[in-house]
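One-letter residues, chain by chain:
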Amino acid sequence: MATKPGPLSRWPWQDLGNYKYALLAPWAARSTYRFATSGSGERDLLGFAVLPVLLLRLLYSQVWISVSRHQTARSKHRIVNKSLDFDQVDRERNWDDQILLTALLFYVVNAAAPVAQVVPWWNSKGLVVAALLHVGPVEFLYYWLHRALHHHWLYSRYHSHHHASIVTEPITSVIHPFAEEAAYFALFAIPLLTIVTTGIGSVVVANGYLVYIDFMNYLGHCNFELVPKLLFDVFPPLKYLMYTPSFHSLHHTQFRTNYSLFMPLYDYLYGTLDKSSDDLYERTLHGREEAPDVVHLTHLATPDSVFQLRLGFASLAAAPLAAAARLRLLRAVAPLARLITSLLGTTFRSEANRLDKLSIETWVVPRYTSQYLSKEGLYAIGRLIEKAVADAEASGAKANELNRNGELYVIRKPNLKTMIVDGTSLAVAAVLHMIPQGTKDVLLLGDESKVSTVLATALCEREIQVQMVDKDLYHCLMQELRPELNKHLLLSSSYSSKVWLVGDKLTDQEQRKAKAGVHFVPYSQFPPEAAREDCVYHSTPAVVVPGSLENLHACENWLPRRVMSAWRAAGIVHALEMWDAHECGARVTGVDKAWRAALAHGFRPYDRHGAAAAVAKQQE
């Protein structure tokens, strides 16, 4: 909200959530019915087009969001190099309000004015008149309205809400209090009402004008420069008629310059042009290469995970996966998500963060966990990861964090300067932290893996008895652990332990064998499905990130805000410490060593239950 919210700041449907779209239902039904029952020459084209155009604008806006976030993650042409946080995501989650308002106003005007019900598909006169009215009254009046909104009284009550976003995204352009947005709509209605009431309007021009406003709004609020200089070289006067992202970005950082809507002409005429506009445009267009210090390679766990990416739906990505109940409604588009990711032939940048002087990037391997289970899928994924490792090496990354075993890449490239980090040590350290104090024995369930082996070793070194009911796991660990530790391993048929360390395959049947009050502590990246209300379910291995970690505004799967999986954090800690050894294959950094280093750099323990939960809450 604004610093001192004024009258009519709240949107009328603010408390309805997504149910606000129900407001359109009677109007949409009415226009559709009239269109279907009217003769071909009497059909209300403008009214019928409202709903399809609304859906198109929603999709169009989401494309802008995803493309913009992808480009700023690449960072080359980024304009403002500051952090975008969860507060801004929450503040901008109602970006679709203005699209809904437009649709409602179109319906109302269409119902009230008979002349609007006979608008043809196309009329070239309407296009010319609308363009002239936009260049004249709309741009001129907006310029002075905008300057008025920067007056202290109006700014504190309305416009400060918009300017709370220093780092702009396309949807920042439409984040305003209701009264302010209504004033803008009154301006934009000048061309629309004129061409409709004079009989020269058309469906294409009326809706095309909305798309034009969307395009220019989103363009100006991108945090990267994309307008080619060739346009201004070929037609120099264009600099008075079209702004650029860097031009408007100066308005958000300097506040008292570059007030124009889309045309800088009025800033030139009235002396409010920022003198650094041309220089900033040249610098950001030329760009700067920023080599990442850490590359986190990840993949999509399930089709649902695509919505959890920073490039996806911002409000969903900013909430833990399990807490985002709305996500269930999106599972119907899972086949489409699979199709999109299958068409992506290489990894792509999803996120860019900074911790002190360390540059961190997240690259997504466009494949799902299920695809790791087939030989063909695993081979294809291996090729993608190998290329990603090579790209990270070429970019100068110090550490490359892998979710899976990366020893193969070290063997193939013994002179690899980029350190491959699978994060086992820090993940095990996080699990050890979640085990209740005073525990004397634990039950280890799951398949044999590097994590289970290192975890069993750490427990035995602490003289905690490790019980197993799986003979294969027991015999594997007896061979892997040092002989003097084997006395702490026990093959048992009992499920009596009060602490269960569980892998990916904990079944409901196994959970029913637990006594009341058992602590389920996962050592895998996937949390178990909770089947018992009388037991305690802990988090997957994770840590609370330092407050200085910038640009983190998406949750990692089911983890809360500003909580990161231990595997991902391990690569960052490795780079901060400048360790010159890999942690992959059989190589282990050291559980205690990794944990001490993580704490020293500001990472803190996280657990859904226990004393660490209070620490995590404070860090949010």
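In every chain, residue numbers begin from 1 and rise along the written sequence. Local features are withheld for residues below a pLDDT of 70 in this predicted model, meaning they are given only at 70 or higher, and side-chain atom pairs are given and counted only at 80 or more; totals for whole chains, interfaces and linings count all residues. Excluded from the side-chain calculation are hydrogens and water; included are all heavy atoms of the structure.

1. Overview of the overall build of the protein
So, step 1. Put simply, DSSP H or I for four residues or longer makes a helix, DSSP E for two residues or longer makes a strand, and each gets a number counted from the N terminus. Scanning the protein for helices and strands turns up 24 helices and 15 strands.
So, step 2. Burial statistics for the protein: of 620 residues in total, 54% are counted as buried.
So, step 3. The contact definition used throughout considers only heavy atoms, calling two residues in contact when any of these lie within 4.5 Å. A fraction of 69% describes how many contacts in the protein between residues 6 or more apart in sequence connect residues 24 or more apart.
So, step 4. Total accessible area on the protein is roughly 28,000 Å²; 60% of this is exposed by carbon and sulfur atoms. Categorising residues by exposure relies on relative accessible area from a 1.4 Å probe, with only protein chains included: less than 20% of the type maximum marks a residue as buried, more than 50% marks it as exposed, and the intermediate range marks it as partly exposed. Method for areas: the Shrake-Rupley scheme with a 1.4 Å probe, in which residue coverage is limited to the protein chains shown.

2. Observations concerning the nonpolar core
So, step 1. Ranked by internal contacts, the top residues of the largest apolar core, which has 60 residues, are Leu24, Leu46, Trp95, Phe106 and Phe188.
So, step 2. Listed by contribution, the elements that provide at least two residues to this core are helix 1 (25-37), helix 2 (45-74), helix 4 (97-112), helix 5 (124-149), helix 7 (178-197) and helix 8 (203-220).
So, step 3. Excluding residues within four positions of it along the chain, Phe188 makes contact with Val138, Tyr209, Ile213 and Leu261. Side-chain atoms within 4.5 Å are what join buried Ala, Val, Leu, Ile, Met, Phe, Trp, Tyr and Cys residues into a set we call a nonpolar core.

3. A word on the packing of helix 18 (residues 424-434) against helix 19 (residues 450-461)
So, step 1. Close contact between helix 18 and helix 19 brings their axes to 9 Å; oriented N to C, the two are set at 50 degrees. The angle between the axes of helix 18 and helix 19 places the two elements in the oblique class. At the point where helix 18 passes helix 19, the crossing takes the right-handed sense. On the side of helix 18, the interface is formed by Thr424, Val428, Val431 and Leu432, while helix 19 contributes Lys450, Val451, Val454, Leu455, Ala458 and Leu459.
So, step 2. Within the contact of helix 18 with helix 19, the residues separate by chemical class into eight nonpolar, one polar and one charged. Interaxial angles span 0 to 180 degrees and are taken between N-to-C directions of axes, which are lines fitted to C-alpha atoms, for helices over the stretch in contact. When an angle is under 35 degrees it counts as roughly parallel; over 145 it counts as roughly antiparallel; between 65 and 115 it counts as roughly perpendicular; any other value is oblique. Less than a right angle of anticlockwise turn of the near helix away from the far helix marks a crossing as left-handed, whereas a clockwise turn marks it as right-handed. Side-chain classes are defined by residue name, with Ala, Val, Leu, Ile, Met, Phe, Trp, Tyr, Cys and Pro counting as nonpolar, Asp, Glu, Lys and Arg as charged, and the others, Gly among them, as polar.

4. A few points about the sheet that holds strand 11 (residues 536-537)
So, step 1. We call two strands paired when DSSP finds no fewer than two bridges between them. Here six strands make up an open sheet; going across it, the order is 8-7-6-9-10-11 and the pairing parallel. Sheet topology places strand 8 (489-491) and strand 11 at the edges, where each strand pairs with a single neighbour.
So, step 2. Relative to strand 10 (residues 519-522), strand 9 (residues 499-502) is paired through four bridges, and the arrangement is parallel. Of the residues in strand 10, the one forming a bridge with Val499 is His519.
So, step 3. Packed on one face of the sheet, helix 19 meets strand 6 (441-445), strand 7 (465-468), strand 8 and strand 9 and runs near 170 degrees to strand 6.

5. Considering helix 13 (residues 277-286)
So, step 1. Those residues of helix 13 that sit buried are Ser277, Leu280, Tyr281 and Thr284. Projected down its long axis, helix 13 carries its buried residues within an arc of 100 degrees, all on one side. Those residues of helix 13 that are exposed and angled more than 90 degrees off the buried face are Asp278 and His286.
So, step 2. Taken from the residues just after helix 13, Gly287 is the one with a positive phi, measuring 80 degrees. This arc is taken over the directions from the axis of the helix to the C-beta atoms.

In short, shape yes, function no, at least from these values alone.
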